Amino acid sequence: FTDMPAAGHWAHAGIDFALKQGLFNGMSATTFEPDGSMTRAMLVTVLWRLDGSRAPAGRNTFTDVPGGQWFTDAVTWRKTAWSTAWAAGDSTRTAA
């Protein structure tokens, strides 16, 4: 990325790790925008990727989350995966 902090910058190693793990993809093919804001859609997508990007068990029930967007599966996963695990008393899975 053209805007990636230099190797000596305090954030470089963390950003590099997150990119290599596939948690972040950047804002475009050439920019990461390390000083940009993270939206709720971005955060839930990172958590979904951290959990293996599993297909959601349910369907999208949120009226403010349009189908077919880059974050739709992540939002649906969050609703079904966390609700199911917590309702079942599954203490082996944590929310964050």
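Quantities reported herein were computed from a predicted structural model and do not represent experimental measurements. (Residues numbered from 1 in each chain as written. Predicted model: local features only at pLDDT ≥ 70, side-chain atom pairs only at ≥ 80, totals over all residues. Heavy atoms only, no water.)

Peer 1: What is the right way to look at the overall build of the protein chain in this model?
Peer 2: Across its full length, the protein chain carries 3 helices and 0 strands. Tracing the protein chain from N to C terminus, the helices and strands come up as α-α-α. Counting every position in the protein chain, which comprises 96 residues, the buried fraction comes to 28%. Expressed as a percentage of contacts within the protein chain between residues at least 6 apart in sequence, the contacts between residues at least 24 apart total 48%. Put simply, the protein chain shows about 6600 Å² of open surface, and 57% of that area lies on carbon and sulfur atoms. (Helix = DSSP H or I, 4+ residues; strand = E, 2+ residues; numbered from the N terminus. Buried < 20%, exposed > 50% of the residue type's maximum accessible area, 1.4 Å probe, protein only. Contact = heavy atoms within 4.5 Å. Areas by Shrake-Rupley, 256 points an atom, 1.4 Å probe, with all protein chains shown as cover.)

Peer 1: Would you explain the packing of aromatic side chains in this entry?
Peer 2: Aromatic rings in a pair are described by how distant their centres are and how their planes are angled relative to each other. Under the criterion given, the structure shown has 3 aromatic pairs. Ring plane angle 50 degrees and centroid distance 5.8 Å describe the contact between Phe 1 and Phe 32, whose orientation is recorded as tilted. Linking Phe 1 in the segment before α1 (12-20) with Phe 32 in the loop between α1 and α2 (40-50), this pair joins segments that are 31 residues apart in sequence. The class of Phe 1 is partly exposed, set by a relative accessible area of 37%. Plain terms: the ring middles of Phe 24 and Phe 32 are 6.0 Å apart, the flat faces sit at 65 degrees to each other, and that makes the pair edge-to-face. A residue is classified by how much of its surface remains accessible, and Phe 24, at 27% relative accessible area, is partly exposed. Feature note: the residues Phe 1, Phe 24 and Phe 32 constitute an aromatic cluster, connected by ring pairs. (Phe/Tyr/Trp six-rings, centres within 6.5 Å; stacked < 30°, edge-to-face > 60°.)

Peer 1: What am I meant to see in unusual backbone geometry here?
Peer 2: The general pattern is negative phi for most residues beyond glycine and trans for most peptide bonds. We note that Glu 33 has phi near 60 degrees; this positive angle belongs to a residue other than glycine. With respect to the secondary-structure elements, Glu 33 resides in the loop between α1 and α2. Phi angles above zero are rare outside glycine, and Ser 53 is one such case at about 55 degrees. With respect to the secondary-structure elements, Ser 53 resides in the loop between α2 and α3 (72-87). Looking at Ser 53, the relative accessible area reads 33%, which means it is partly exposed.

Peer 1: Quick question: what am I supposed to make of α1 here?
Peer 2: Three or more residues of α1 are buried, namely His 12, Ile 15 and Ala 18. Along the axis of α1, the buried residues cluster in a sector spanning 135 degrees; they form a single face. When the buried face of α1 is taken as reference, the exposed residues oriented beyond 90 degrees from it are Ala 13, Phe 17 and Lys 20. (Arc of directions from axis to C-beta.)

Peer 1: Which parts of the structure should I look at to understand the nonpolar core?
Peer 2: Considering soluble globular proteins, one finds that nonpolar side chains tend to be buried as a cluster. Formed by Ala 41, Val 44, Leu 47, Trp 48, Val 65, Phe 71, Ala 74, Val 75 and Trp 77, the largest nonpolar core amounts to 9 residues. Elements supplying a minimum of two residues to this core: α2 and α3. Ranked by residue count, the leading element in this core is α2, at 4 residues. Here Trp 48 is in contact with Ser 53, Arg 54, Asp 73, Ala 74 and Trp 77, once residues within four sequence places are set aside. (Core = buried A, V, L, I, M, F, W, Y, C linked by side-chain atoms within 4.5 Å.)

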